[in-house]
Amino acid sequence: MVQQNRITAETKLLGLIGHPVNHSLSPVFQNAALNALKLDYVYLAFDISADNLINAVCTLRTWRLKGINVTVPHKEKIIQWLDRLDDTALLLGAVNVVVLNDEELVGYNTDGIGFAKALDFNQVDLNGKNIALLGAGGAARAVLSVLIERGIHKVTVYNRSLERSLQFQQWVKNSFTTEVEIDSWESFINGQSSFLNQVDVLINATRLGLNREFIEVPWNNVENSEWIIDVVYHREETPLVREARKKGKKAFDGKIMLLYQGAESFRLFTGHEAPIEVMERALNEALR
Ligand SMILES: NC(=O)c1ccc[n+]([C@@H]2O[C@H](COP(=O)([O-])OP(=O)(O)OC[C@H]3O[C@@H](n4cnc5c(N)ncnc54)[C@H](OP(=O)(O)O)[C@@H]3O)[C@@H](O)[C@H]2O)c1
């Protein structure tokens with residue numbers, strides 16, 4: 001909880017912008033970390049609609065804001081109003097952290113760091129593995145960059161809209177030498193893609209699960225898959241993780257990714273290493 005009595009006229013503001021944000025657990029663990037290190041900041045969540053994004057960004061300098069996290073649906077759109085991007089945000093074309101530096105708005109992306117830490121935390125070795133990646137949005141880009149870093153053998157991306165699939169394909173072509181296959185969502189859910197039988201790890205980077213939606217996984221076709229990974233998180237297990245565990249698969253959701261992308265955001269905002277145990281404890285308490 002935020003300790004109200006430590007807020008003074010000097011207190012600096014950090015925040016999260018997105019739409020919706022009411023499910024977010026970032027304020028809980030970011031404020032716990034700020035309190036633990038006795039830093040004079042407070043972290044709040046702001047529900048900003050797409051129409052209001054430009055106004056929100058233009059007024060960041062007006063308020064005593066030191067930085068913001070950015071979540072769906074603004075991660076790509078916000079870039080046009082920033083002064084500079086770091087190399088990772090530039091590569092991914094998506095931003096989840098904005099820091100205000102001497103009047104300059106600098107965009108970063110810490111989702112890949114979060115995903116990589118979640119793999120390490122769960123001891124998932126991706127070297128030489130075949131991956132099915134669901135989704136072609138910002139999270140999928142962050143995940144794919146980590147998959148390539150980790151030396152996977154082959155990845156096929158399954159996405160619903162053709163438009164985003166084509167954008168993703170172009171982005172891959174411009175950014176990596178590794179070959180990435182793109183296939184349709186129907187090909188995945190109907191189990192028509194022959195690659196599915198060779199998949200070692202299935203990763204969901206779509207929004208499905210955020211509102212407890214089920215993903216129609218063709219379980220018979222992915223029976224060789226050892227790991228099922230969901231970047232979506234919820235207070236409870238996501239439907240995908242629950243179903244995967246019932247099928248006897250190893251599975252985890254996006255909570256650890258969330259925690260570590262948040263820890264890296266904290267470092268960028270404050271210049272201090274995040275007290276990760278404090279953040280994890282706050283997150284777990286909020287989830288109970
Ligand atoms: N754990 C973490 O730290 C973390 C970090 C980042 C993101 N996330 C989560 O990852 C998810 C995706 O985020 P994002 O930034 O990538 O969002 P995004 O850029 O808006 O992309 C959304 C993706 O979901 C797909 N999708 C949406 N509704 C679908 C449906 N009904 N059926 C099939 N596919 C559907 C979209 O496909 P179309 O092209 O067909 O629209 C697109 O590929 C969100 O739930 C977010 O909370 C978690």
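All residue numbers refer to position in the chain's written sequence, counted from 1. Totals for whole chains, interfaces and linings use every residue, but because this is a predicted model, local features are given only for residues with pLDDT of at least 70 and side-chain atom pairs only at 80 or more, for both listing and counting. The side-chain quantities take in all heavy atoms of the structure and omit both hydrogens and water.

Novice: Would you mind going over the overall build of the chain in detail, with residue names and values included?
Specialist: Numbered from the N terminus, helices here are DSSP runs of H or I no shorter than four residues, and strands are runs of E no shorter than two. Looking only at helices and strands, one finds 10 helices and 12 strands in the chain. Overall, the C-alpha framework of the chain stretches about 60 × 40 × 30 Å when taken along its three principal axes. A total of 288 residues make up the chain; the buried ones form 53% of that total. When checking whether two residues touch, look at their non-hydrogen atoms; a contact exists if any pair is within 4.5 Å. Pairs at least 24 residues apart make up 70% of the contacts formed inside the chain by residues separated by at least 6 positions. Total accessible area on the chain stands at roughly 13,700 Å², and carbon and sulfur atoms take up 47% of it. In this tally, Asp and Glu contribute negative charge and Lys and Arg positive charge; neither His nor the terminal groups of the chain are included. Positions of charges follow a simple convention, taking NZ of Lys, CZ of Arg, CG of Asp or CD of Glu. Side chains of the chain carry 30 positive and 35 negative charges; the gap between the two charge centres is 4 Å. The buried label goes to any residue with under 20% of its type's maximum accessible area, the exposed label to any with over 50%, and the partly exposed label to all in between, with areas taken from a 1.4 Å probe on protein chains only. For the area figures, the Shrake-Rupley method with a 1.4 Å probe applies, and any residue is considered shielded solely by the protein chains shown.

Novice: Quick one: what's the story with the sheet that holds strand 11 (residues 227–230), residue by residue and with numbers?
Specialist: In short, DSSP must find at least two bridges between two strands for them to pair. If you walk across this open sheet you meet the six strands as 9-8-7-10-11-12, and the pairing is parallel. Each edge of the open sheet carries a strand with a single partner, namely strand 9 (180–184) and strand 12 (250–252). Going from strand to strand, the sheet's axes swing by 15° on average, the running direction of each strand aside. Lines are fitted to the C-alpha atoms to define the axes, a helix being fitted only along its stretch in contact, and any angle between axes, read from their N-to-C directions, falls within 0 to 180 degrees.

Novice: Describe the domain arrangement of the chain, with residues and values.
Specialist: Bear in mind that the domain bounds are from an automatic or database domain assignment. Assigned domains within the chain: domain 1 (4–109 + 257–287) and domain 2 (112–253). Simply put, the buried area is the total loss of 1.4 Å probe accessible area from both parts when two parts are fitted together. Summing the contributions of domain 1 and of domain 2, the shared interface buries around 1,700 Å²; its carbon and sulfur component is 65%. Think of a salt bridge as a Lys or Arg side-chain nitrogen and an Asp or Glu carboxyl oxygen that are within 4 Å of each other. Linking domain 1 with domain 2 are zero salt bridges. Two N or O atoms form a polar contact when they lie within 3.5 Å of each other; inside protein one atom must be a possible hydrogen donor and the other a possible acceptor, and for residues adjacent in sequence the pair counts only when both atoms belong to side chains. At the surface where domain 1 touches domain 2, the tally comes to two residue pairs in polar contact (both at pLDDT 80 or more). Within the residue set of the side of domain 1 that touches domain 2, elements represented by two or more residues are helix 3 (87–92), helix 9 (255–270) and helix 10 (276–287). The biggest single contributor to the side of domain 1 that touches domain 2 is helix 9, with five residues.

Novice: Go over the packing of aromatic side chains with me, naming the residues and quoting the values.
Specialist: We call Phe, Tyr and Trp rings a pair once their centres come within 6.5 Å, taking the six-membered ring for Trp, and we label the pair stacked below 30 degrees between planes, edge-to-face above 60, and tilted otherwise. Using the criterion set out here, one finds five aromatic pairs in the structure. Pairing Phe 168 with Trp 171 gives two aromatic rings, centres 5.3 Å apart and planes at 55°, and the pair type is tilted. Highlighted residues: Phe 168 and Trp 171, both in helix 6 (residues 162–175), separated by three residues, approximately one helical turn. The class of Phe 168 is buried, set by a relative accessible area of 0%. Centroid distance Trp 171 to Phe 176: 5.4 Å. Interplanar angle 85°. Geometry classified as edge-to-face. Comparing Trp 171 with Phe 176, the two get one shared label, buried. Taken together, the ring pairs connect Tyr 158, Trp 185 and Phe 188 into an aromatic cluster. Cation over ring: Lys 12 sits above Tyr 41, and NZ or CZ is 5.0 Å from the ring centre. When the NZ atom of lysine or the CZ atom of arginine is within 6 Å of a ring's centre and also within 35 degrees of its normal, the charge is said to sit over that ring.

Novice: Requested: an account of the sheet that holds strand 2 (residues 41–47), with residues and values cited.
Specialist: With mixed pairing, the six strands of this open sheet are ordered in space as 2-1-3-5-6-4. Among the strands making up the open sheet, the edge pair consists of strand 2 and strand 4 (84–85). Note: strand 4 against strand 6 (residues 104–108), two bridges, orientation parallel. When the bridges of strand 6 are listed, Leu 85 appears paired with Gly 107.

Novice: I'd like to hear about the UniProt feature "active site" (unreviewed entry) in the chain, residue by residue, with values.
Specialist: Under the local residue numbering, the UniProt record ascribes the feature "active site" (unreviewed entry) to Lys 75. With respect to the helices, strands and loops of the structure, Lys 75 is situated in the loop between strand 3 (65–70) and strand 4. Given the relative accessible area of 16%, Lys 75 is considered buried. With near-sequence residues (within four places) excluded, Lys 75 lies in contact with Val 70, Ala 94, Val 95, Asn 96 and Asp 111. UniProt positions are given in the numbering used here, feature names are shortened, and annotations may be inferred rather than shown by experiment.

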